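Fold and contact review
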Amino acid sequence: MRKISVFFVILFSFTVGVFATKVLTVYTYSSFIAGVGKQVAPVFEKLYDCKINFVSIDSGSLVARLILERSHPEADVVVGLSQSQLPQVFKENLLEGYKPTDIASVVNTSFLIDPQYRAIPFDYGALAIDYNLKTVKNPPQTFEALLDPQYAHSLVIEDPRTSTTGLDFLLWTIGLYGNNWQTYWRKLTPTIKTVTGGWDSAFQMIEDGEARMMVSFATDEAYNYYYYKGSDIGVTIPNGEAYVMVEYAGIVRGTKEYDLSKDFINFMLSKDFQMAIPLNQWMYPVTDVPLPDVFIDHAPKITKTVSVSIDQISTSLSKWIAEWSSIIIK
Amino acid sequence: MPAIIFMAGAYILPMIFLALYTSSIGGKLSVFNTLNIHIFTFTFYQAMLSTVMAIAIGLPGAYLLGKTKFKFKGIFTALSTVPFVMPSISMTLGFITFFGHSGILNSYFLWPIFHVRFEPLFTLLGVVMGNAFYNFPLTMIIVGAAFSMLDPVYSEAARIDGASRFKSFVFVELPILLPSIAAAALLTFIYCFMSFTVVLVIGGAQFSTVEVQIYMYLTTLLDFRGALGLTMIQLLFIAFFASLFTFIRRSAGTFSQEISESYSKFPVWGTFYILLISILIFGPILSQVFSGFWNFQNSTFTFEWFRKLFSGEMNAYIGNSVLFAIVWTIIFSTATAILTVVLSITSAHIIQKLKLPIFDALFTSSLAISPVTLAFGYIVLQNYIPLSFPLEIIPIYTVLSFPIGLQTLLSGWERFPKEIDEAASMDGANWLQKTLKVRIPILRPQIISTFFFAFAISMGEMGATLVLYNPEFPTISVSAYKLFSSMHVPEAQALGSILTISTFLVFYALERPILKDN
């Protein structure tokens, strides 16, 4: 037994000696790795003489994983937390605070929700209603218009219990209607065709013509123009007041690579990184970098926004979901 | 007993770790509210309806499978088992493209010919149909295997005594088949009770089950206590149900008998049955396969999606190459199937021999813990034991497959002709000889069914796989999910088609020996 452990110690020190490169373990969702990650990782690795080890975690279980691993953290940095997840992340004290040197480059200061800088915004998007251009001739321009009988049984939404898109849509209506959101939802039920478990099944239904409208993202049309040179779906942001989904990154408490993690957080606000956001993430960069043409031509400009404060989410989320469930589940 | 050791290590240990972890967090348990009670009641209700429907669809099939010969029997059996493995997202599309408002059934048959539409989607009927569609193969295969062992002398005797065909079925054959029907019904009930995606996709959130609530506590609210609390209630309930079924089976008695190799004439209703199943069950499967070859944009046949899938363009989204996904899926599934078969044969034999029905109920109710919850248990376990993705996934798949294997083999051992075993012992056969020469050949239909199901469950599993996933060891179902969620719907369809076709081929090759022709 002893011999074996001695052997391993020698082997280990040998390995470390030869490959002295530091490794930064980043937990994130798979499309981030495939897009931005693939594009900018080499830049960072060269700049800081290290390796990035991206670990793909389904966004549904990302925070749960951090909580369950808290005593033995595997990750150094986590990328892709949504604002609805932050209350839990802060409550569980999962992240280390760090103020990036370039924090002033973040254009929209309302994204900086944490005075301790535990969560740093790196991109944002907006929810929208996607509609089939063939079957919906005059898309709803307001949330009240969505209640019109002409849209009866045509909107697919996602379940806030199982889908972040669904949760964000619920928060959008709460942001707009305040305490009256339940009244609005009761009136909205005739418009809803079905509530899917996730964004993907809803997207399928609009793709194959089963549904006429769905809750999705503002950049969907631009995406179609970019990849297919045309689009059979249009997007509308009712009321013109977008619910903005900000994505955050943070340093995992207990990391052994704190300095490298700080470098990575700084790097996320750099021009290289931010320029890679639009065409990979189909989100908007948080700093002032030029947008690609397809965004200018086919994505709605987000001017007015609606939000729900993180404190409110923290205290009321489970109550809201329960109330939502009792409206939808009869 | 190897099964106890295995289940203790692979199933109970991670759950204990999760429970310990959960109890270390403070907070109150808040699962008893009107909403959860309502959802619980509905879950039970839809599971009952679905079980009845699945058995009603499965029984005639079991008869045809076990007792008759017909053209395309192999294809029929293999195809009907495919729903069991279809990744739920593929199944969604199959169901929608077939039964949807503008689906194949309505647009090309019902509306043009009869001017009616049949729209089961987003209704209770749809949910029940979906569950039955998923689970009727359990009845068909498990009861079918029992039918094939049914000796015709009993019913012939009854017929000679003047009983009608129907009467002889109800009073003579049905009681003999009861253990296998009970086994199939129990499994079907548990699966329908645990139904997650089928219900969400076909019915929508208004029909959601307890599992959806558990998933919400785990991922959205991160309330592990809530999740575990609800899981425990579910577990107790299922355990109660499983014991009830075991009791029913005990009291039905066991029939040890000669092995028969007889076949009946193919009945007239058989043709109608096969036709109906072909429409209801194979419709969605075929439209799913078809969609991998179809360009919905300009309605043309195409290999483009397959080309893209294998060209490497999609690798970034999957995190690896599709070929690896296929290879690893086959490796995981085969390993799981072998492990499940070995565990099931031995433990079913011991349970049967030592009369330990309590273990039967206990093991079967392990199905009441969802793959996702189990995977969370493994994450906690990883903190203390060096475990990682490919190593832990086979035990997880085996935990998920074991109850089916156990039920299938129990129903085999219960009717195992002990005389043959004893005769072999008297002739001086040792344990190994008996096992290889007598037991395995006699139990072959059950062994192959078990292999079948374990293989299928591993191929289609996504809940646990997604939580613990490591793209270095990709699987087909998770790859399809990743393609779907990165908006590569056509390529995901193509991958779904591959899964469906390859499952079909594996089953087709495998189940030939079930329909043994001596």
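Note that this is a predicted model, so its numbers are computed, not measured.

As for the overall build of chain A
- In terms of regular secondary structure, chain A is built from 12 helices and 12 strands.
- Since a compact globule built from 330 residues should have a radius of gyration of about 20 Å, the 22 Å found for chain A is in line with a globular shape.
- Here the C-alpha coordinates of chain A stretch approximately 75 × 40 × 40 Å along the principal axes.
- Within chain A, the proportion of its 330 residues that are buried is 58%.
- If you take every contact in chain A between residues at least 6 apart in sequence, the share linking residues at least 24 apart comes to 77%.

Some remarks on the confidence of the model for chain A
- Residues at a pLDDT of 70 or more form 94% of chain A, whose mean pLDDT is 90.
- Predicted confidence is poor over residues 13-18 of chain A, with pLDDT under 50, and the contacts of this stretch with residues over four places away or in other chains come to zero contacts.

Quick word on the packing of aromatic side chains
- Considering all chains together, one arrives at 61 aromatic pairs over all chains under this definition.
- Geometrically, the ring pair formed by F42 of chain B and F207 of chain B is tilted, given 5.7 Å between the ring centres and 35 degrees between the ring planes. One end of the pair, F42 of chain B, is in helix α2 (residues 34-67); the other, F207 of chain B, is in the loop between α9 (197-203) and α10 (210-220), with 165 residues separating them in the sequence. In this structure, F42 of chain B and F207 of chain B share a single accessibility class: buried.
- Among the aromatic residues, ring-to-ring pairing joins Y29, F32, F44, Y48, F54, F122, F264, F267 and F273 of chain A into one connected group.

Comments concerning the interface of chain B and chain A
- Contact residues are listed per partner, giving 56 residues for chain B and 49 residues for chain A.
- Approximately 4500 Å² of surface area, both sides summed, lies buried where chain B meets chain A, with 61% of it carried by carbon and sulfur atoms.
- Taken together, the connections running from chain B to chain A amount to zero salt bridges.
- Counting across the chain B and chain A interface gives nine residue pairs in polar contact (both at pLDDT 80 or more).
- For the side of chain B that touches chain A, the element with the most residues is α10 of chain B, which contributes seven residues.
- Among the residues making up the side of chain B that touches chain A, the classes are represented as 35 nonpolar, 20 polar and one charged.

Thresholds applied
- Residues numbered from 1 in each chain as written.
- Chains lettered and ligands numbered in written order.
- Predicted model: local features only at pLDDT ≥ 70, side-chain atom pairs only at ≥ 80, totals over all residues.
- Heavy atoms only, no water.
- Helix = DSSP H or I, 4+ residues; strand = E, 2+ residues; numbered from the N terminus.
- Rg over C-alpha atoms; globule rule 2.2 N^0.38 Å.
- Buried < 20%, exposed > 50% of the residue type's maximum accessible area, 1.4 Å probe, protein only.
- Contact = heavy atoms within 4.5 Å.
- pLDDT = per-residue confidence, 0-100.
- Phe/Tyr/Trp six-rings, centres within 6.5 Å; stacked < 30°, edge-to-face > 60°.
- Buried area = accessible area lost by both parts, 1.4 Å probe.
- Salt bridge = Lys/Arg side-chain N within 4 Å of Asp/Glu carboxyl O.
- Polar contact = N/O pair within 3.5 Å; in protein donor to acceptor, adjacent residues only side chain to side chain.
- Nonpolar A, V, L, I, M, F, W, Y, C, P; charged D, E, K, R; others polar.

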